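Structural description and commentary
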Amino acid sequence: MKLKALTIGLALSFPLLASAQSDTSVTLYGVIDTAIEYVSGVASPDRSPGAAPGSYVKHSSTHFTNLTSSWPSYWGLRGTEKISDNLSAVFTLESGFNPGTGTSQQGGRLFGRQSYVGLTGDWGQVAFGRQYNMLMRGSLQADFLGPSAYGLSAIDSYIPNARMDNSITYLGNFSGIKLGLAYARGRDTVTSPPVVGGPAGSNCGVDYANQTGCSAYGAMLGYDASNWGVAAVYDVITGRGDRGPAGLAPAGNFYDLAQGEKDRRIMANGYFKVTPDLKFSLIYLNRKTDARQGIISGGNQGTNTGSGSLGDRSDLWSINAAYNVTPAVTLDGSVNYIKFNNAVNTSSAWYYVARARYNLSKRTSVYASAAYIKNKGDSALSAAGGTAGAGFGVEPGKGQTAVMAGLRHNF
């Protein structure tokens, strides 16, 4: 909704908005999405007396999940002010939340999804604040499932959490050619507990005595035509701090990467529309990390076993398809494969996803999703990417099935 005439409550909460003029627009928008999920093959270490080392207790679970089959729930304010014919000021404040509990997401941040101000014109956009990096922006067109519970987040949890604190970005689009650059110093200021796999926070903020630690940088180049497009992305995050003799961060602190260590991803993707209602895409992602596996929080690679046996490199392929059966019904899904290179044992995983959506109205829809993962070797990736981040596990080398049904409303 366009807030041309602001309510007294919003004017008091956001004084800047109270002075909105005819050349200024502010939009309130968001998504509320909740789902019920069933996951089989959940495994946790057997700590009962006399249990054999490496043994697991298995069970299933039915529960509400805050990471659903679409974009997670959020609300936001987006505004623009025209300064001249080729210059406008823009801002975005976007807050993620758990509709089941009303709590903030992204490590408890108020505006954890996005919080930036910038200038835009025919030459592009420059923005400052907490923003998405180029890995996320470069995959928007090809990643049909997006940041859903059964998307690529199940294989690499860094992908849907690819945001940067204290960042500056440039985005440009020139006759279909899209360019992007990003740099952050103090990429993640939220402290994570001393456990593996906390992508919402890594305690890697600005270090005033270290100019290179805890930075992030990346670049994106792509092209979009009327019925096809391609993109390439280079993304790097760096760490800080020294590890102890066991490879752990100092007591009382959690670092996903140590001083001088990098986690680098290179992505290439493309999509093609066969008809306006049928499209396919292919995504390739190569990852190289200097961190000891089981310590790094920027993805599930190696974080389930904590043994370091999955090596420091991986290759991920994803084939996606989407078909609009009718204006109200959409079917889509993906077939994904990841191979862990330099692993002690041959390790990989196949991941299959299917989703059906039905639009009850322009803003409200219902959906059902199903996912199955088959791990090999020491791979222990979960089919339920969102729930796995909350502590779900799967036995190395075993499979897991997850299904969910949910309701989504846009505003």
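Everything quoted here is computed from the prediction, not taken from an experiment.

So, on to the overall build of the protein chain. Within the protein chain, the secondary structure is distributed over four helices and 17 strands. A total of about 18,400 Å² of accessible surface is found on the protein chain, and carbon and sulfur atoms cover 60% of it.

Next up on the list: the nonpolar core. Leu135, Tyr150, Ile338, Tyr351 and Leu381 are the most contacted members of the largest nonpolar core, which has 45 residues in total. Filtering out sequence-adjacent residues up to four positions away, Leu135 remains in contact with Tyr158, Ile159, Val233, Asp235, Arg265, Met267 and Leu285. Membership of the second largest hydrophobic core comes to five residues, among which are Val26, Leu77, Phe91 and Leu93.

Volume-wise, the second largest pocket comes out at about 770 Å³. Surrounding the second largest pocket, 38 residues form its lining, Trp71, Asp143, Phe144, Arg355 and Arg357 being those nearest its centre. Mapped onto the lining of the second largest pocket, the elements with two or more residues apiece are helix H3 (134-138), strand S12 (278-289), strand S13 (313-324), strand S14 (329-341), strand S15 (347-359), strand S16 (364-376) and strand S17 (399-410). Of the residues assigned to the lining of the second largest pocket, the class counts are 15 nonpolar, eleven polar and twelve charged.

This part is about the confidence of the model for the protein chain. This prediction gives the protein chain a mean pLDDT of 84; 83% of its residues lie at or above 70. For residues 243-255, every residue scores under 50 in pLDDT, and the model assigns this stretch 33 contacts once sequence neighbours within four places are set aside. Overall, residues 293-307 carries pLDDT values under 50, and its contacts beyond four positions in sequence, including any with other chains, amount to 64 contacts.

The tally for this structure, following the rule as stated, stands at seven aromatic pairs. Measuring from centroid to centroid gives 6.1 Å for Trp317 and Tyr337, while their planes differ by 25 degrees, and the two rings are stacked. With Trp317 in strand S13 and Tyr337 in strand S14, the pair connects residues that are 20 residues apart, well separated along the chain. For Trp317, a relative accessible area of 37% gives the class partly exposed. Clustering of aromatic rings is evident, with ring pairs tying together Tyr284, Trp317, Tyr337, Trp350 and Tyr352. Of note, Arg78 hangs over the ring of Tyr29, and the distance from its end group to the ring centre comes to 4.0 Å. Taking NZ or CZ as reference, Lys279 lies 4.7 Å from the ring centre of Phe144, over its face.

Where two cysteines share a covalent bond between their sulfur atoms, that bond is called a disulfide. This structure, assessed with the given rule, holds one disulfide. The partner cysteine of Cys204 in its disulfide is Cys214, sulfur to sulfur 1.9 Å. Residues Cys204 and Cys214 are joined through a disulfide that is left-handed, its torsion about the S-S bond being -95 degrees. On the criterion of sequence distance, the pair formed by Cys204 in the loop between strand S8 (177-185) and strand S9 (215-224) and Cys214 in the loop between S8 and S9 is long-range, its members being ten residues apart. Each of the two residues, Cys204 as well as Cys214, counts as buried.

This next bit is on the pairing of S14. As paired elements, S13 and S14 share twelve bridges and run antiparallel to each other. Along S14, the bridge assignment pairs Asn320 with Ser334. Between the end of S13 and the start of S14, which pair antiparallel, lie four residues. By the bridge criterion, twelve bridges tie S14 to S15 in an arrangement that is antiparallel. In the sheet register, Gly333 faces S15, and the bridge partner there is Ala354. Connecting the antiparallel pair S14 and S15 is a turn made up of five residues, with Asn342 showing a positive phi of about 60 degrees.

Our focus in this paragraph is unusual backbone geometry. Although it is not a glycine, Gln106 sits at a positive phi angle of roughly 50 degrees. Along the chain, Gln106 turns up in the loop between strand S4 (87-96) and strand S5 (114-121). Look at Gln106 and you get buried, because its relative accessible area is 14%. The phi angle at Asn166 is positive, at roughly 50 degrees, despite the residue not being glycine. Along the chain, the position of Asn166 falls in strand S7 (residues 163-174).

It is worth spelling out the side chain of Ser215 at this point. Within the fold, Ser215 resides in strand S9. Beyond its immediate chain neighbours, meaning those up to four positions away, Ser215 contacts Tyr183, Ala184, Arg185, Arg187, Val236, Ile237 and Thr238.

Bringing the environment of Ser382 into the picture now. Locating Ser382 in the fold gives a position in the loop between S16 and helix H4 (385-388). Only 2.6 Å separates the side chain of Ser382 from the side chain of Gln400, close enough to count as a polar contact.

Attention shifts here to the side chain of Ser139. Along the chain, Ser139 turns up in the loop between H3 and S7. On the basis of relative accessible area, Ser139 is assigned to the buried category, the value being 6%. When sequence neighbours within four positions are dropped, the list of residues in contact with Ser139 reads Met267 and Asn269.

What follows concerns the pattern of salt bridges. A side chain of one charge can pair with a side chain of the opposite charge when the charged atoms of the two come close. Under the counting rule described, the total for this entry stands at 14 salt bridges. In this structure, Lys178 engages Asp224 in a salt bridge whose closest nitrogen and oxygen atoms are separated by 3.2 Å. One end of the pair, Lys178, is in strand S8; the other, Asp224, is in strand S9, with 46 residues separating them in the sequence. With its nearest N and O atoms 3.2 Å apart, the salt bridge here joins Asp263 to Arg265. Of the two residues, Asp263 and Arg265, both sit in the buried class.

Rules behind the numbers
Counting restarts for each chain, with residues numbered from 1 along the sequence as it is written. Local features in this predicted model are restricted to residues whose pLDDT is 70 or higher, and side-chain atom pairs enter the listing and the counts only when it is 80 or higher, whereas totals over whole chains, interfaces and linings include all residues. The side-chain quantities take in all heavy atoms of the structure and omit both hydrogens and water. Helix and strand assignments follow DSSP, with helices taken as H or I runs no shorter than four residues and strands as E runs no shorter than two, numbered in order from the N terminus. The Shrake-Rupley method, run with a 1.4 Å probe, gives the accessible areas here. Residue values count only the displayed protein chains as cover. For this analysis, a nonpolar core means a set of buried residues of the types Ala, Val, Leu, Ile, Met, Phe, Trp, Tyr and Cys, connected via side-chain atoms within 4.5 Å. The cut-offs for exposure are 20% and 50% of the maximum accessible area for each residue type, with area from a 1.4 Å probe on protein chains only; residues under the lower value are buried, those over the upper are exposed, and the others partly exposed. Contacts between residues were defined by any pair of non-hydrogen atoms, one from each residue, lying within 4.5 Å. Buriedness for pockets is judged along seven lines, at least five of which must meet protein on both sides within 12 Å for an open set on the 1 Å grid over protein atoms alone, while cavities are sets there where a 1.4 Å probe fits but cannot get out, and lining residues have an atom within 4 Å of a point. Grid points are joined across faces, edges and corners, and a volume is the space filled by probe spheres set on the points. Basically, the charged four are Asp, Glu, Lys and Arg, the nonpolar ten are Ala, Val, Leu, Ile, Met, Phe, Trp, Tyr, Cys and Pro, and anything else, Gly included, counts as polar. Each residue carries a pLDDT score, the predictor's own confidence in it, on a scale running from 0 to 100. Aromatic rings from Phe, Tyr and Trp, with only the six-membered ring used for Trp, were paired whenever their centres fell within 6.5 Å, and each pair was classed as stacked if the ring planes differed by under 30 degrees, edge-to-face if by over 60, and tilted otherwise. We call a charge positioned over a ring when the NZ of a Lys or the CZ of an Arg lies within 6 Å of the ring centre and within 35 degrees of the ring normal. Cysteine sulfur atoms are paired as a disulfide whenever they come within 2.5 Å of each other. Note: two strands are recorded as paired if DSSP finds a minimum of 2 bridges between them. Polar contact is defined as a pair of N or O atoms within 3.5 Å, subject to the rule that within protein one atom must be able to donate a hydrogen and the other to accept it, and that residues adjacent in sequence are counted only when both atoms are side-chain atoms. Salt bridge, as used here: a side-chain nitrogen of Lys or Arg that lies within 4 Å of a carboxyl oxygen of Asp or Glu.

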